[in-house]
Amino acid sequence: MRRYQTRLRSIMEHLVPGSQQAEDLTQEVFMRVYRSRKTYQPQAKFSTWLFTIANNVAHNAIEKLSNRKEVHLSETPSGTFPTRALENIAKDASGLMPTRVLARNEQAEIIAAAIQSLNERQRMAVLLSKFEHMSYVDIAETMGLTTQAVKSLLARARVRLKELLSPYMQNGRDHFEMSQDQGTGQSDDGD
Amino acid sequence: MSNKNSNESDAEFNANADDALLVAYLDGELSDAESLGLERRLSSEPDLCERLYSLQKSWDLLDSLPTKTIDHSFTRSTIELVIEEELRNSRRSKQIRFSWAARVAAALLLFAVSVSLSYGYARYQQAAPHRELANKLEFLEISDLYGVIPSIEFLERLNESGVLPETWFRDLEQLQEEVIETAPQSVSQSRQRLEDMNMEQLLDLRSKKDSLEKESKTEQVRRQNLHLQLMQHPQHERLLTVAEEFKRWLSTIEASERIQLLGEEDLDKQFELIAKIRSRQEARYFGLVGATALPAKDVQPFSEWVEQLVKLRAEDYVNRLARNVRQNVERRTSERLRPYTIFLWQTRRLTPRQLIDQQTYQDMLSVLSSDARNILNQQEDEDKRLELALSWIANACRAKTNPPLTDVELFDYLKTLPPERQLEFDDLSPQEWRQRLKEAYYLDYERDLVQ
């Protein structure tokens, strides 16, 4: 459990709103793993099994949430939960650029918003690929899709991320790099 | 003007294909040959190289997201939850053990008395709600199902229409065994079933009861009436399975489609919507079944055209079938999906020229976009063009009869093949492996249906 809890919670945080809910769902995943431990087949990868359960738990939670709130699906591609639009965050930040580079927390907020602007399936595929380093075959098994579908899902998601994040990585050395350099240089002023 | 549009669409199509290739390359998912091919292109195409660089760069940015560590209390509380559940699970089988040691006998006796009293009190507390659960068990177990079923007429029509995917109904008998206990039960039988339930089943039942109670009184009464009507229906087992299947199907459609469908009150309009959603679903599946070069925008119109074509030809093909094959097909497939199965069967027996005459080919071109027509025109000769067109038609038929296959299903299928056939799939690149195995699977599947 210790091996997976932080990783699982990080993924949940990008899938559902609020860190408390992410923690509750992480706990729910472990409870389900415990309950269905007898059905686990040792020849299957444990991580694939665990994230399949996580995918189901997150999907159910998102669906419940969207049913409850009757959200307007056209407004967010994910149709999941209202989030601070990337455009707004970017607008806030652009007022400060390029004279002031983005602070580390703004950077994280923009990246997180970019991830949240993906639809539910793209987001899950990105998280499994990026943070769990899963192969397309494993992602397909976890999400119940074909490998071909995962391939196009990830391609679309990464192109979208590139489009959203490209304003922050122009002119060779991007604003994020500068921000990170400043972070490591113990200065957060950014001027 | 149209040339300009066509060039733009070509460029967009190529850019999408390149992006998929670049991403798979970055993820190490290309075969050696594919990687080599791409690396050659990268060395001569600076734009492509730039796209690869920005894809990697934006991907690397994700590494800078902070990771919050979970504190010790989270681990502890999860473990406590697990222990609590385990204790609850074992409560029934728990036996009180008496110690033989006389010096603690008095203390143990006292403990046993208090345990008995607590247990008795707990049973007393539980008895009332359990009695209620037992009385309504049959209804409560499926009360959530009635939430998505507007009326008995709807279920009857759903059963007759056969609009839901064929493969699901093929498992009908198996589902009937595992899903629902439908025979009317006495309260004592229900009580016994309640006693036999494990904690998870009980919690599930409780949560169904709670959600039912959250519904308005009118809705609760409607569901109860629907239940009574269904239980008295001569085909109640079949209709219950259809209801389960409908609920399962609802979970496979988009949330916006679901909201629209459940919000519609007119029966005819509901079925129009179901047919529309099914057609969209089939078109999506068509994009996933097999690796065809048909552009995504062509999938839906092409799929609709195939539907017309197959319906027109079906009767002719049926007459050409041997009697025993015809009987098998009629017995094993539903009326709606039979033409597709027969058409697929014929694609293995007749040549593309026999199946696609000049008129049909022209009709097909008229529904295709210029991009799709270009793909056909790029083929070496007419035989190759017809071969490709036939593979599109066959895939559209398969999308209507089969859901897409996962790699796990492909592995399972591979294991069922005799060793000499398994050898045929060795030494193939992963992409070829999937494609060839998928083709073999569908051919076997279609052969099973007719033989």
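One can find the structure itself at the top, above this paragraph.
Keep in mind that what you see is a predicted model, and the values were worked out from it rather than measured.

*Asks:* In this structure, what is going on with the overall build of chain A? I would like to understand it.
*Replies:* The secondary structure content of chain A amounts to nine helices and zero strands. Secondary structure of chain A in N-to-C order comes out as α-α-α-α-α-α-α-α-α. Counting only residues that meet the buried cut, chain A has 50% of its 191 residues in that class. Sequence separation of 24 or more characterises 63% of the internal contacts of chain A that already satisfy a separation of 6 or more. With the model as given, the accessible surface of chain A reaches about 9200 Å², and the carbon-plus-sulfur share is 47%.

*Asks:* What should I look at first to understand the overall build of chain B in this one?
*Replies:* Assigned secondary structure in chain B consists of 25 helices and zero strands. In chain B, buried positions account for 40% of the 451 residues. Contacts in chain B between residues far apart in sequence, at least 24 positions, make up 76% of those at least 6 positions apart. Per element, the accessible surface of chain B, about 26100 Å² overall, is 50% carbon and sulfur.

*Asks:* What's the story with the nonpolar core in this structure? I'm lost.
*Replies:* Soluble, globular proteins show a tendency: their nonpolar side chains are buried together. Ranked by internal contacts, the top residues of the largest apolar core, which has 63 residues, are Val29 and Phe51 of chain A. The element best represented in this core is helix α8 (residues 147–165) of chain A, accounting for ten residues. Counting 37 residues, the second-largest nonpolar core is a separate cluster that includes Phe302, Ile342, Leu390 and Ala396 of chain B.

*Asks:* Explanation requested: the pattern of salt bridges in the structure shown.
*Replies:* Pairing between side chains of opposite charge can happen when the charged atoms of each approach one another. The full count for this structure, using the stated rule, is 18 salt bridges over all chains. Close ionic contact of Arg9 of chain A with Glu23 of chain A constitutes a salt bridge, the shortest N to O distance being 2.7 Å. Placement of the pair is Arg9 of chain A in helix α1 (residues 2–15) and Glu23 of chain A in helix α2 (residues 19–35), with a sequence separation of 14 residues. Judged by relative accessible area, which is 5%, Arg9 of chain A ranks as buried. Overall, the relative accessible area of 24% leaves Glu23 of chain A in the partly exposed class. The salt bridge partner of Lys209 of chain B is Glu213 of chain B, with a shortest N-O separation of 3.0 Å.

How each quantity is defined
- Sequence positions are assigned chain by chain, starting from 1 and proceeding in written order.
- Chains carry letters and ligands carry numbers; both start at the beginning, A for chains and 1 for ligands, and go up in the order they are written.
- Only residues with pLDDT of 70 or above have their local features reported here, since the model is predicted, and side-chain atom pairs are shown and tallied only from 80 upward, although totals for entire chains, interfaces and linings are computed over all residues.
- Excluded from the side-chain calculation are hydrogens and water; included are all heavy atoms of the structure.
- Every helix listed is a DSSP run of H or I at least four residues long, and every strand listed is a run of E at least two residues long, numbered separately from the N terminus.
- A simple rule labels every residue: compare its accessible area, found with a 1.4 Å probe on the protein chains alone, to the largest value its type can have, and call it buried under 20%, exposed over 50%, or partly exposed in between.
- Here, residues are in contact when the closest pair of their heavy atoms is within 4.5 Å.
- Each accessible area is a Shrake-Rupley result for a 1.4 Å probe, and residues are judged covered by the shown protein chains and nothing else.
- Joining through side-chain atoms within 4.5 Å is the link that ties buried Ala, Val, Leu, Ile, Met, Phe, Trp, Tyr and Cys residues into a set, and such a set is a nonpolar core.
- Should a side-chain nitrogen of Lys or Arg be within 4 Å of a carboxyl oxygen of Asp or Glu, the pair is scored as a salt bridge.

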